[in-house]
Amino acid sequence: MLTRTAAAAAATVLAAAVVVVPGVFPTAPVAQAAPTAQPAPAWGSCPESVTSPGAVCTTVTVPRDYSQPGGATIDVTVSKLPARDPDARRGVLFGNAGGPGGDSLTYYDDDEVFTWPEELRDEWDLIGVQPRGLTHAGPLHCEPMASDPLTIATSAGAAHRAGCEAASGDDWRHLTTENTARDWEQVRQALGEERISIHGVSYGTLLGSTYATLFPQHTDKMVLDSGANPDWMWNQVLLEQNEPYKQRVHAMFDWIAANDAVYGLGDTPLKVYQRWTEQVLAETGTTATLAPPPARVGDVPAEWQALAQLWIDGTTVTGPARVQLEGLARQLATPGAVQAASPTLAATRGLAPQSSTWPVLAESLRDGTPVGAGADPAMPELPEELIVSVNMQSAVLCNENRVAPRPLDYPGFLWTQFVTGDMFDAIGLMFSSGAACAGAPPVTTPVEVSGADLQTAPLLINSVGDPQTPLHGARELADRMGAHMITVAGGDHGQVAKGNTVVDDAVVEYLRTGHTAVTHAPAPPIPAAG
């Protein structure tokens, strides 16, 4: 669903577009036997993907199946950035990068989007526990599933699960949020810590809440960054993203228009949209069916100035239908053309949640070069880590799906998947219709999260326009966990480590003291246009 970088977001899009997940025979909850005590970790070098100086890694052996602690095991890799000031050290802070499928070994690395507060680096050991099923933690390997329309439309979940069974036996069955939370507990024991603090983003808020529900006596402070509604897992969560993503793209076009002096793409969002759809057309032979933003005075042609408001209203009202008809006409005129093949379209959706990456799209449109241009146009083989991430995400989503399919959404899924190719609607409808997990029923019931037994109330932070974890869903998680909430202006996904000093200072204060009086924060800064 959701990860903390633009690259991870793109991976989530790919996963949701082609996945279908597990579901063989639902099983009743099984009592969890206590695994054996963990030995002290031996720290050493980390995988090359971990870039923070001073990071060390180890592995912790955990049961593959917690109902059979003496059975098969998984070696879970753990990264650590030791507190830079040992005298000021306050404990350990477990981090999760979201997803499911986000690489948590690199969670605390600084990158082009996230720069972590100095106080966190000074006062906490920053711990990344790689979620089971990913590379460096018992990776889930699956045979490629058939990609013919009939399979995708009727049995995608079953086909994916069968591919995993063929390559990895029933490893897929044990990929659940609860099992990953229990892996955290094994790591806590290995570290010799009585309690852990938690920072999870997106899906990581569910994982952290699950751990805190199962092990409240071992939970200290908990920062829930961009909260996910537990009741939406999983058929509904992606559907809830459809409209917010469209609104977020319009906000991105608005920002580009406000910087017309730099990019020259038009001084209104509608003009930027028109340049954008021209690039999609050049890449695919058809136009995007994303509805255009509302027209403004600056869009009115000279001959309509006397009736400007009528032109604005008419253009805005007819815009969505007009682009749908234009897209269909171009597809009929250009057999095989499909907008989903556009690198610009995919990049637009992937970059929208992070305002710090908006200049990337603006420069791409200005220069007429798709994001990622220079790669092999023959669609080079995907990195193994990404394939494994897609497999793992697919398994988790169907293994613990608790939302019944909505058959009335099925025609919309077929239309957007096989006719228009509109990824802004197709992804959510694939899940809400039940197509994504068709033939792959859930194998577990997720833990009902609650913060009732926690000594310290969690802190939940969410932007008002987040397209990946919409605010009304985050409020539901806050209520379940009894969390103090900070709302952030704008629509970024992921709030901490974004250069927003109000948010970062509040998080540091909370982790130090267990409370903060902050309830609202401005949007994070966007890099200067250029």
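So, here is what we can say about the structure in this document. (Residues numbered from 1 in each chain as written. Predicted model: local features only at pLDDT ≥ 70, side-chain atom pairs only at ≥ 80, totals over all residues. Heavy atoms only, no water.)

**So, the pairing of strand β4 (residues 91-96)**
On a regular strand, one side chain projects to one face of the sheet and the next to the other, so that they alternate. Counting buried residues in β4 gives six out of six residues, a clear majority hidden from the surface. Bridge count between β4 and strand β6 (residues 124-129): five bridges; the pairing is parallel. Of the residues in β6, the one forming a bridge with F94 is I127. The pairing of β4 with strand β7 (residues 196-202) spans four bridges and is classified as parallel. Within β7, the residue paired with F94 across the bridge is I198. (Buried < 20%, exposed > 50% of the residue type's maximum accessible area, 1.4 Å probe, protein only. Helix = DSSP H or I, 4+ residues; strand = E, 2+ residues; numbered from the N terminus. Pairing = 2+ DSSP bridges.)

**Digging into the environment of S226**
Tracing the backbone shows S226 in strand β8 (residues 219-227). The spacing of S226 and G200 is 26 residues in sequence and 8.5 Å in space, taken between C-alpha atoms. Apart from residues no more than four positions distant in its own chain, S226 is found in contact with V201, S202, T205, I461, N462, D466, T469, H493, G494 and Q495. Of note is the side chain of S226, whose polar atom sits 3.2 Å from the side chain of D225. (Contact = heavy atoms within 4.5 Å. Polar contact = N/O pair within 3.5 Å; in protein donor to acceptor, adjacent residues only side chain to side chain.)

**Topic: the packing of aromatic side chains**
Counted under the stated rule, the structure contains 14 aromatic pairs. Where F253 meets W276, the ring centres are 5.5 Å apart and the plane angle is 55°; that geometry is what we call tilted. In this pair, F253 sits in helix α7 (residues 242-258) while W276 sits in helix α9 (residues 269-284), placing the two residues 23 residues apart along the sequence. Their ring planes at 70° and their centres at 6.1 Å tell us that F413 and F418 sit as a pair that is edge-to-face. On the basis of relative accessible area, F418 is assigned to the partly exposed category, the value being 36%. The rings of F94, W184, Y211 and F215 are connected pair by pair, giving a single aromatic cluster. Its guanidinium or amino end placed over the ring of Y245, R349 lies 3.9 Å from that ring's centre, counting from NZ or CZ. (Phe/Tyr/Trp six-rings, centres within 6.5 Å; stacked < 30°, edge-to-face > 60°. Lys NZ or Arg CZ within 6 Å of the ring centre and 35° of its normal.)

**A word on the sheet that holds strand β3 (residues 73-81)**
An order of β2-β3-β6-β4-β7-β8-β9-β10-β11 is seen for the nine strands of this open sheet, with the pairing classed as mixed. Edge strands, defined here as strands with exactly one partner in the open sheet, are β2 (56-63) and β11 (520-521). Where β7 and β8 come together, six bridges link them in parallel fashion. Among the inter-strand pairings, H199 is bridged to a residue of β8, identified as V223. Relative to β7, helix α6 (residues 203-214) is tilted by about 150°, and along the sheet it contacts β4, β7 and β8. (Axes fitted to C-alpha atoms, helices over the stretch in contact; angles between N-to-C directions.)

**Some points on the nonpolar core**
F94, V129, W184, W234, L460 and M481 are the most contacted members of the largest nonpolar core, which has 62 residues in total. Grouped together as the second largest cluster of nonpolar side chains are 32 residues, F253, V280, L290 and A295 included. (Core = buried A, V, L, I, M, F, W, Y, C linked by side-chain atoms within 4.5 Å.)

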